[in-house]
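Observations on the three-dimensional arrangement
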Amino acid sequence: MIPLRFRAELPPIEEPLVVRLRDRPTDDFHDDREAALIGIAEGWREYDFNGFSLRIEAEPGQSLDGDVVLAFPGRPIVHRLIRARSHHNTFLVTERCDQLCLMCSQPPKQVHLDLFAQFGQAALLAPVGATIGISGGEPLLFKEQIFALIGNTLSVRPDLRFHVLTNAQHFDSEDGPFLHGRARDRVLWGIPLYAPDAADHDAIVVKDGAFARLFQSVATLAKAGAQIELRTVVTRRNAALLPRLARLIATELPFCTSWALMQLEPIGFGRMNWDTLFHDNSVDFGPVARALNIALARDIDVALYNFPLCTIPEEYRTYAPSTISDWKQKYLETCQGCSLKTRCGGFFEWYDPDRGFARVGLE
Amino acid sequence: MNVWPLRFTDVGRDALLFCDEAGGFFRSDDAFLERYANDILTEADRDFLLAGGHSFEEEGDRHHVGFAARWAKRQFVPGPLEYIILVPTLRCDLACRYCQVSRVNANARGFDWNEATLNAVLALIDSLTSERIKIEFQGGEPLLRLDLLSRVRDFCRRRFRSAEFVVCTNLQKVSEEAWAFLAAADTFVSTSFDGDALTHTRQRTLDPAQTATFLSNLERAMTTLGTGKVSALPTIDPDNPPAPDAIIAGFARLGLRSIYLRPVNYHGFARKRFGQGDQQLWNAYYDRFIDALIAYNAHAAEPMEEFYFTHCLRRIFRAGHHGHVDMRNPNILGADYLVIDHDGTLYPTDEARMMTRIGQMDLSIGSVFGGLDQEKLQILNANSDNNFHEDCGQCVFQPFCGVDVIDDLSRYGRIDLSRHETAFCRRHTALFTRIFELIYTDDAATRRSLAAWLGVPAFDPALAPVHK
Ligand code: SF4
Ligand code: SF4
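Everything numeric in this text was worked out from a predicted model, so none of it was measured.

Parameters and conventions
Here the residue index of a chain counts from 1 through its sequence in written order. To read the labels, note that chains go from A and ligands from 1, taken in the order they are written. Where totals are concerned, whole chains, interfaces and linings use all residues; where local detail is concerned, this predicted model gives features only for residues with pLDDT of at least 70, and gives and counts side-chain atom pairs only at 80 or more. Think of the side-chain values as coming from all heavy atoms in the structure, minus any hydrogens and water. What counts as a helix is a DSSP run of H or I of at least four residues, what counts as a strand is a run of E of at least two, and both are numbered from the N terminus. When accessible area is computed with a 1.4 Å probe and restricted to protein chains, residues below 20% of their type maximum are described as buried, those above 50% as exposed, and intermediate ones as partly exposed. Contacts were defined at the residue level, with two residues in contact if any of their heavy atoms lie within 4.5 Å. Only the protein chains shown count as cover for residues, and the accessible areas themselves come from Shrake-Rupley with a 1.4 Å probe. Lys and Arg are tallied as positive, Asp and Glu as negative. Neither His nor the chain termini are counted. By convention, the charge on Lys lies at NZ, on Arg at CZ, on Asp at CG and on Glu at CD. Buried area is a sum: the accessible area each of two parts loses on coming together, probed at 1.4 Å, counted once for each and added. In the sections that follow, a salt bridge refers to a side-chain nitrogen of Lys or Arg positioned within 4 Å of a carboxyl oxygen of Asp or Glu. In protein, a polar contact requires one atom able to donate a hydrogen and another able to accept it; more generally it is a pair of N or O atoms within 3.5 Å, and residues adjacent in sequence count only if both atoms are side-chain atoms. When residue character is reported, Ala, Val, Leu, Ile, Met, Phe, Trp, Tyr, Cys and Pro are called nonpolar, Asp, Glu, Lys and Arg charged, and the others, Gly included, polar. Only protein atoms enter the calculation, which uses a 1 Å grid: trapped sets of points that fit a 1.4 Å probe without letting it out are cavities, open sets showing protein on both sides within 12 Å along at least five of seven lines are pockets, and any residue with an atom within 4 Å of a point is a lining residue. Grid points are joined across faces, edges and corners, and a volume is the space filled by probe spheres set on the points. Paired strands are those between which DSSP finds at least two bridges. Under this scheme, a helix contributes an axis fitted over its contacting stretch, all axes are lines through C-alpha atoms, and angles between N-to-C directions fall in the 0 to 180 degree range. Each domain span listed reflects an automatic or database assignment of domains. Stacked, tilted and edge-to-face are the three classes applied to pairs of Phe, Tyr and Trp rings, where Trp contributes its six-membered ring and a pair requires centres within 6.5 Å; stacked means planes under 30 degrees apart, edge-to-face means over 60, and tilted covers the rest. Whether a charge lies above a ring is judged from NZ of Lys or CZ of Arg, which has to be within 6 Å of the ring centre and within 35 degrees of the ring normal. Note on definitions. A residue lies near a molecule or strand when any single heavy atom of the residue is within 4 Å of it. Think of it this way: a molecule belongs to a cavity or pocket when more than half its atoms come within 2 Å of the grid points there.

In terms of helices and strands, chain B carries 17 helices and 20 strands. Judged by the C-alpha coordinates and their principal axes, chain B covers about 75 × 50 × 45 Å. Residues counted as buried form 58% of the 468 residues belonging to chain B. Nonlocal contacts in chain B, meaning residues at least 24 apart in sequence, comprise 68% of its contacts between residues at least 6 apart. Of the roughly 19500 Å² that chain B leaves accessible, carbon and sulfur atoms contribute 51%. Between the mean site of the 50 positive side-chain charges and the mean site of the 63 negative ones, chain B shows a separation of 6 Å.

The following block contains the structure:
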């Protein structure tokens with residue numbers, strides 16, 4: 001696993017610190033926001049930050065050049081908010097949520113630590129052309145702050161993109177101007193939709209009225225020309241409904257940019273409820289195949305996320321890009337020497353083969 | 001509940017095909033029609049219509065929004081001009097029996113761009129607002145003026161972020177310089193191959209040795225340029241067509257997976273030699289060809305398609321499928337693509353160029369020297385959509401169909417005929433009828449072909465909804 005935190009010795013700070021690490025100072029080096037490497041000894045890297053020393057413990061192979069880290073006063077740790085060499089940089093902006101999805105990988109908590117100012121500083125330091133993920137909890141419980149974060153960042157850094165995961169319970173018609181403005185071409189809204197009817201969807205997200213509210217939000221997004229990615233985690237609870245869901249998306253959501261059918265992530269509630277939720281597509285790919293065929297024929301751009309390639313029939317593999325984030329990805333022993341490994345995403349770090357797919361590995 | 005207007009047509013065996021204006025369709029029967037017409041829909045009817053997107057509860061609900069979005073997507077909105085067909089020379093080294101472009105002999109004078117024309121063409125290209133461009137070189141035989149092709153290509157590569165070039169050549173005489181030109185990654189080859197050597201000789205080269213040269217050039221193109229960069233179109237004489245199997249086998253052998261059948265187009269030389277084409281003869285042949293494709297695909301590892309059939313099939317399922325300039329609605333002329341002739345005259349389509357050249361009707365729309373003739377374009381575009389046409393407005397195929405003002409003018413000299421009397425309408429009625437017949441055929445071979453043509457792993461029965 002790629003480390004997202006390092007032990008550190010901090011300069012004397014009173015406020016949370018956001019700083020970009022540099023192996024050597026660049027021409028446009030910013031003293032107040034960047035730290036330059038001045039030496040490495042016994043696993044510790046020493047940086048010069050405005051005349052103070054910042055020390056970070058990291059394995060020799062790790063490149064930290066261009067990474068943006070966050071530190072809190074009095075805590076000997078830095079968090080890697082942005083890894084310059086990764087496409088998977090996500091700000092977890094809150095752990096609060098107004099849904100309680102059966103398979104949630106990040107179960108909600110009531111406490112909220114407000115770091116919007118720090119996220120704003122970090123975003124400005126992101127590599128050129130980067131996409132920044134925003135996730136939670138439900139980010140739009142803090143809609144004002146999120147819109148400000150995106151709007152301010154894009155006004156200084158029009159090269160960046162955002163991918164916001166939201167349950168779409170909070171958009172109103174007043175959001176039109178924001179959605180239609182700079183955000184329109186730069187923000188992809190990832191919205192979970194689990195079933196083709198209110199009863200099933202509401203039961204899965206454990207919130208009455210969620211389905212209806214979602215469509216209200218989506219109408220606002222569509223009107224503004226926003227980019228929408230629909231996301232459906234495939235479970236035993238909704239597998240049989242997928243063909244109908246495909247038809248609904250093609251018929252009622254033809255303006256969505258893409259649709260991701262996602263295998264369950266064994267963490268959080270997904271791990272807790274694994275035995276009742278996990279749909280083993282290596283045994284029964286039927287409903288996923290049908291959904292894919294219906295949606296594709298009608299011009300919906302469908303992809304299978306987090307599906308190990310050997311668990312799906314050959315003719316469907318081109319629709320399954322490698323999607324598991326690098327820092328939580330692993331391969332099994334079976335994967336050694338597999339001819340598909342370079343384009344296969346493998347498994348989640350916390351995947352347990354004894355409770356997982358019945359058939360893994362190429363014949 | 002509000003049901004969107006449904007059009008319908010009898011498809012035999014007590015079945016009716018229904019279709020709404022956004023292109024949502026289903027099969028049902030007379031009993032349902034009765035209930036629909038008399039407004040006595042059952043609970044099951046209502047559920048079916050709502051789930052299929054044919055109705056809504058109230059304005060702005062998800063059913064309503066979805067329908068509006070699909071309807072809007074079906075209307076073609078031209079983007080900026082970024083597709084230009086260039087005719088740098090009218091000269092050609094072949095004299096095919098039905099030459100579609102009214103060519104002149106290879107040694108004729110005064111049928112090539114001169115320096116002033118070339119400069120004006122480049123200036124026009126330079127004035128475009130798009131960041132990408134597609135240039136199609138036609139003729140005559142464009143390879144006779146490789147020098148002009150190179151200069152246009154060099155210019156476009158410098159000027160645009162992305163540029164693509166298609167050379168429409170007879171592949172008869174290809175110099176080593178020409179092969180090098182065609183080998184570039186951004187350059188594609190389109191040629192004519194009438195299906196088998198015999199037909200090709202009869203219709204084009206008139207000399208088996210010449211045909212052999214062509215075939216070896218085509219093979220060289222396929223192997224050295226790659227199958228993805230070469231397309232070949234057979235021209236079919238419906239009075240004397242090659243057997244469908246022979247064409248399919250001939251194309252498959254070469255590694256060509258897409259066949260764009262074109263009936264002899266009665267223009268120029270061809271019009272003098274042949275009579276008016278017999279639409280029925282063509283439709284019957286086309287039908288047999290589709291049958292042959294389905295039979296072939298049932299066992300083939302690599303499926304084959306007829307290009308236009310595939311295109312129309314996709315238009316049925318995909319609201320935004322506007323990629324073919326001959327088939328869209330509204331079909332706005334002189335907007336996103338343009339033809340520039342050997343003398344710098346501008347035309348909305350290649351067909352319009354031919355009509356003008358044979359003196360049938362002047363359909364030029366300006367010149368590279370003076371710009372577009374907006375007034376004339378406005379007249380041509382006044383009738384460019386089928387939504388409100390009295391015949392099309394009742395036609396179950398209207399959302400998928402298009403308009404071809406130039407074709408109507410070319411055949412009848414007018415555009416106010418009843419649609420059903422036009423060749424365009426007859427051809428498309430037959431085509432869409434056939435496609436829907438296949439969509440509702442529950443047979444493994446047919447479904448396999450449909451899947452291949454739609455570009456999906458399998459054709460799901462849910463794509464062919466039926467309501468009883
Ligand atoms: S064996 Fe491993 S690498 Fe190969 S397809 Fe399966 S999961 Fe992917
Ligand atoms: S042209 Fe004919 S087939 Fe096409 S929409 Fe009009 S009436 Fe229908």
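Now that the structure has been shown, the text picks up again.
Taken together, the contacts link 20 residues of chain A with 23 residues of chain B. Both faces considered, chain A and chain B share a buried interface measuring about 1900 Å² in area, 58% of it formed by carbon and sulfur atoms. Viewed at the interface, chain B and chain A are joined by two salt bridges. Taking the shortest distance from any N to any O, the salt bridge between R62(B) and E252(A) comes out at 2.5 Å. Across the contact surface, chain A and chain B share eight residue pairs in polar contact (both at pLDDT 80 or more). Residue assignment for the side of chain A that touches chain B shows that the elements contributing at least two residues are helix 5 (210-224), helix 6 (242-252) and helix 9 (286-297) of chain A. Class assignment for the residues of the side of chain A that touches chain B results in twelve nonpolar, two polar and six charged.

Scanning the entire structure with this criterion turns up six cavities of 30 Å³ or more. The computed volume of the largest cavity comes to approximately 310 Å³. Contributing to the lining of the largest cavity are 27 residues, with R298(A), G23(B), G24(B), R70(B) and F317(B) lying nearest its centre. Counting residues per element, the ones that place at least two in the lining of the largest cavity are helix 6 of chain A together with strand 4 (25-28), helix 3 (62-74) and helix 12 (307-317) of chain B. The residue makeup of the lining of the largest cavity, split by class, is 14 nonpolar, six polar and seven charged. Of the voids in this model, the second largest cavity is the one considered here, and its volume is about 110 Å³. In this structure, the second largest cavity is lined by 14 residues; those nearest its centre are C392(B), C395(B), C401(B), C425(B) and T429(B).

Another aspect to go through is the sheet that holds strand 5 (residues 52-57) of chain A. Residues and elements named next belong to chain A. Taking strand neighbours around the barrel as the criterion, the seven strands line up as 1-5-4-3-2-6-7 in a closed arrangement whose pairing is mixed. Averaged over all neighbouring strand pairs, the angle between strand axes comes to 40°, with direction disregarded. Here two bridges tie strand 1 (residues 5-9) to strand 5, and the two strands are oriented antiparallel to one another. Directly across from A8, in strand 5, lies its bridge partner I56. Each of strand 2 (17-22), strand 6 (68-71) and strand 7 (77-82) is contacted by helix 1 (residues 116-124), which is oriented at about 60° to strand 7, the strand it contacts most.

Moving on to the domain arrangement of chain A. Interface size is often expressed as the accessible area that is lost when the parts come together. Residues and elements named next belong to chain A. What the domain assignment reports for chain A is domain 1 (5-79) and domain 2 (89-355). If you average the C-alpha positions of domain 1 and of domain 2, the two centres end up 32 Å apart. Contacts between domain 1 and domain 2 engage seven residues on the former and seven residues on the latter. Carbon and sulfur atoms make up 72% of the surface buried where domain 1 meets domain 2, a total of about 680 Å² over both sides. Interface area lost by domain 1 to domain 2 is led by V18, R20 and V68, which between them contribute 52%. For the pair domain 1 and domain 2, the number of links is zero salt bridges. Here domain 1 is connected to domain 2 by one residue pair in polar contact (both at pLDDT 80 or more). Contributing elements (two or more residues each) for the side of domain 1 that touches domain 2: strand 2 and strand 6.

With that settled, consider the packing of aromatic side chains. One pass over the structure, following the stated rule, counts 39 aromatic pairs over all chains. With a centroid separation of 5.8 Å and 75° between ring planes, the pair formed by F25(B) and F317(B) is classed as edge-to-face. Here the residue F25(B) occupies a position in strand 4, and F317(B) occupies one in helix 12, the gap between them amounting to 292 residues. Side by side, F25(B) and F317(B) carry an identical accessibility label, which is buried. Relative to F436(B), the ring of F400(B) lies with its centre 5.8 Å away and its plane at 45°, an arrangement referred to as tilted. With F400(B) in the loop between helix 14 (374-381) and helix 15 (405-412) and F436(B) in helix 16 (residues 423-439), this pair connects stretches of sequence that are 36 residues apart. In this structure an aromatic cluster arises from ring pairing among F25(B), F317(B), F397(B), F400(B), F432(B), F436(B), Y440(B) and F459(B). For K341(A), the ring lying beneath its charged end belongs to Y331(A), and the centroid distance is 4.8 Å.

Here the focus is the site of ligand 1. The full set of residues close to ligand 1 is P308(A), L309(A), C310(A), C335(A), C338(A), K341(A), C344(A), F347(A) and G361(A). Grouping the amino acids of the shell around ligand 1 by side-chain chemistry returns seven nonpolar, one polar and one charged.

On to the site of ligand 2, then. Residues and elements named next belong to chain B. Around ligand 2, the neighbouring residues are C392, C395, Q398, C401, R419, H420, C425 and T429. A molecule is said to occupy a pocket when more than half its atoms come within 2 Å of that pocket's grid points, and by this definition ligand 2 occupies the second largest cavity. Within the shell around ligand 2, the residues separate by chemical class into four nonpolar, three polar and one charged.

It is worth spelling out the environment of L92(A) at this point. Residues and elements named next belong to chain A. Here L92 is to be found in strand 8 (residues 89-92). The exposure class assigned to L92 is partly exposed, which follows from its relative accessible area of 34%. For L92 and G136, which are 44 residues apart along the polypeptide, the C-alpha to C-alpha distance reads 5.1 Å. Apart from the residues lying within four places of it in its own chain, the contact partners of L92 are Q106, F119, S135 and G136.

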